[in-house]
Amino acid sequence: MPAILILYSTVDGHTLTICRTIKERVERSGHTVTLASIEDAGTVAPKDFDKVVIGASIRYGKHRPSVFRFIDANLPLLDSKPNAFFSVNIVARKPEKNGPDTNPYLRKFLRKTPWKPKLLGVFAGRLDYPRYRPFDRMMIRLIMRLTDGPTDPSAVVDFTDWQQVDRFAQSIVDL
């Protein structure tokens, strides 16, 4: 069975939670999966894997620079293997913005990188006001107010469609 590398970039930990779920689902199909932070990607050799998956969260409209650095440093390798990318963002909570063709952050990501992933996914994230630092809590509440989202500073809301995550994991197996 293929060996799969799942790299993640997360700010608050929810992308890691999604990656762990994908790992579990893919391992049920008999695949070997290694999960690592993209910031620690130097501790694994992507060339040793049959498939590479990258999951990255959004904060203030951007994926973290480490995601782009990894892709730039490994573009020929990524292009030579079955690969996937998914973005985790709160805007994907809206049905009209939860697909690869309709999510503005995924579209922006694809314009910013020469990489053309073979499989794309978008998952709505988790809103966890109590965990945020005061500045982040204030900014995210403002963004939520502007986009008709929850603004209660004690709210914790998981917008992730876990069935969608399961379907994505199966698509990774099928790559």
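Summary of the structure given here. Numbers given to residues run from 1 along each chain, matching the order in which its sequence is written. At least 70 in pLDDT is required for a residue's local features to be given in this predicted model, at least 80 for side-chain atom pairs to be given and counted, and no such filter applies to totals for whole chains, interfaces and linings, which use all residues. To obtain the side-chain values, all non-hydrogen atoms of the structure were included, while hydrogens and water were left out.

Secondary structure counts use DSSP, requiring at least four H or I residues in a row for a helix and at least two E residues in a row for a strand, with both numbered from the N terminus. By definition here, a helix of n residues has an expected span of 1.5 Å times n minus one. With 13 residues, helix α4 (residues 134-146) should reach 18 Å at 1.5 Å per residue; the first-to-last C-alpha distance of 19 Å fits that figure. Throughout this description, buried means an accessible area under 20% of the type-specific maximum (1.4 Å probe, protein chains only), exposed means over 50%, and partly exposed covers the range between. Regarding α4, the residues found buried are Asp136, Ile140 and Met144. End-on view of α4: buried residues confined to an arc of 65°, all on one side of the axis. Exposed side chains of α4 directed beyond 90 degrees from the buried face belong to Pro134, Phe135, Met138, Arg145 and Leu146. Note: the arc covers the axis-to-C-beta directions of the helix.

Time to look at the pattern of salt bridges. Pairing between side chains becomes possible if they bear opposite charge and their charged atoms approach one another. By salt bridge we mean one thing: a side-chain nitrogen of Lys or Arg within 4 Å of a carboxyl oxygen of Asp or Glu. Counting across every chain of the model gives 11 salt bridges. Between Lys23 and Glu27 there is a salt bridge, and its shortest N-O distance comes to 2.7 Å. Separated by four residues within a single helix, Lys23 and Glu27 lie in helix α1 (residues 14-27), roughly one turn from each other. Exposure remark for Glu27: the relative accessible area of 33% places this residue in the partly exposed category. The partner of Arg25 in a salt bridge is Glu24, with the nearest N and O atoms 2.8 Å apart. Residue Arg25 is classed as partly exposed on the basis of its relative accessible area of 24%. Assessed through its relative accessible area of 39%, Glu24 is described here as partly exposed. The network of salt bridges with common partners includes Asp12, Arg59, Arg133 and Asp136.

Another point: a positive patch on the surface. Note on patches: the residues involved have over 30% relative accessible area and no salt bridge, like charges join within 9 Å, and the nonpolar side chains Val, Leu, Ile, Met, Phe, Trp and Tyr join within 5 Å. Areas reported as accessible are Shrake-Rupley estimates using a 1.4 Å probe. Residue values count occlusion only from the protein chains shown. Working convention for charge: Lys and Arg count positive, Asp and Glu count negative, and His plus the chain ends are omitted. Taken as the charge centre is NZ of Lys, CZ of Arg, CG of Asp or CD of Glu, depending on the residue. Positive charge collects at one region of the surface, where Lys62, Lys108, Arg111 and Lys112 lie side by side. With three residues, helix α3 (residues 104-112) is the largest single contributor of residues to the positive patch. Here Lys108 falls in the partly exposed class, since its relative accessible area comes to 36%.

The next thing to look at is helix α5 (residues 162-174). With 13 residues, α5 extends 18 Å between its outermost C-alpha atoms, agreeing within 8% with the 18 Å of an ideal straight helix rising 1.5 Å per residue. Buried residues along α5 sit against β1 (3-9), α1, β3 (51-59), β5 (83-89) and β6 (119-124). Between the side-chain oxygen of the N-cap and the backbone nitrogen of Gln163 there are 3.1 Å, and the N-cap of α5 in question is Asp161. Contact between two residues is taken to exist if any of their heavy atoms lie within 4.5 Å; hydrogens are not considered. Distance and chemistry together define a polar contact, namely a pair of N or O atoms within 3.5 Å, with one atom able to donate a hydrogen and the other to accept it when in protein, and with adjacent residues in sequence counting only for side-chain atoms on both sides.

Between the N-to-C directions of two axes lies an angle of 0 to 180 degrees, each axis being a line fitted to C-alpha atoms and, for a helix, fitted only over the stretch in contact. Contact geometry for α1 and α5: axes closest at 9 Å, N-to-C directions at 55°. Taken together, the axis directions place α1 and α5 in an arrangement best described as oblique. Between α1 and α5 lies a crossing of right-handed hand. Contacts between α1 and α5 involve His14, Thr17, Ile18, Thr21, Ile22, Arg25 and Val26 on the former and, on the latter, Trp162, Val165, Asp166, Phe168, Ala169, Ile172 and Val173. Charged means Asp, Glu, Lys or Arg here, nonpolar means Ala, Val, Leu, Ile, Met, Phe, Trp, Tyr, Cys or Pro, and polar covers whatever is left, Gly included. Grouping the amino acids of the contact of α1 with α5 by side-chain chemistry returns nine nonpolar, three polar and two charged. We call two directions roughly parallel when the angle between them is under 35 degrees, roughly antiparallel when it is over 145, roughly perpendicular when it lies between 65 and 115, and oblique otherwise. In a left-handed crossing the near helix is turned counterclockwise from the far helix by less than a right angle, and in a right-handed crossing that turn is clockwise.

Right, let's talk about the layout of surface pockets for a bit. Here the largest pocket defines a volume of roughly 420 Å³. Looking at side-chain class alone, the lining of the largest pocket contains 11 nonpolar, nine polar and four charged residues. Note on definitions: the grid is 1 Å and covers protein atoms alone; a cavity is a set of points where a 1.4 Å probe fits but cannot get out; a pocket is an open set with protein on both sides within 12 Å along at least five of seven lines; lining residues have an atom within 4 Å of a point. Grid points are joined across faces, edges and corners, and a volume is the space filled by probe spheres set on the points.

Honestly, it's all geometry; don't read function into it.
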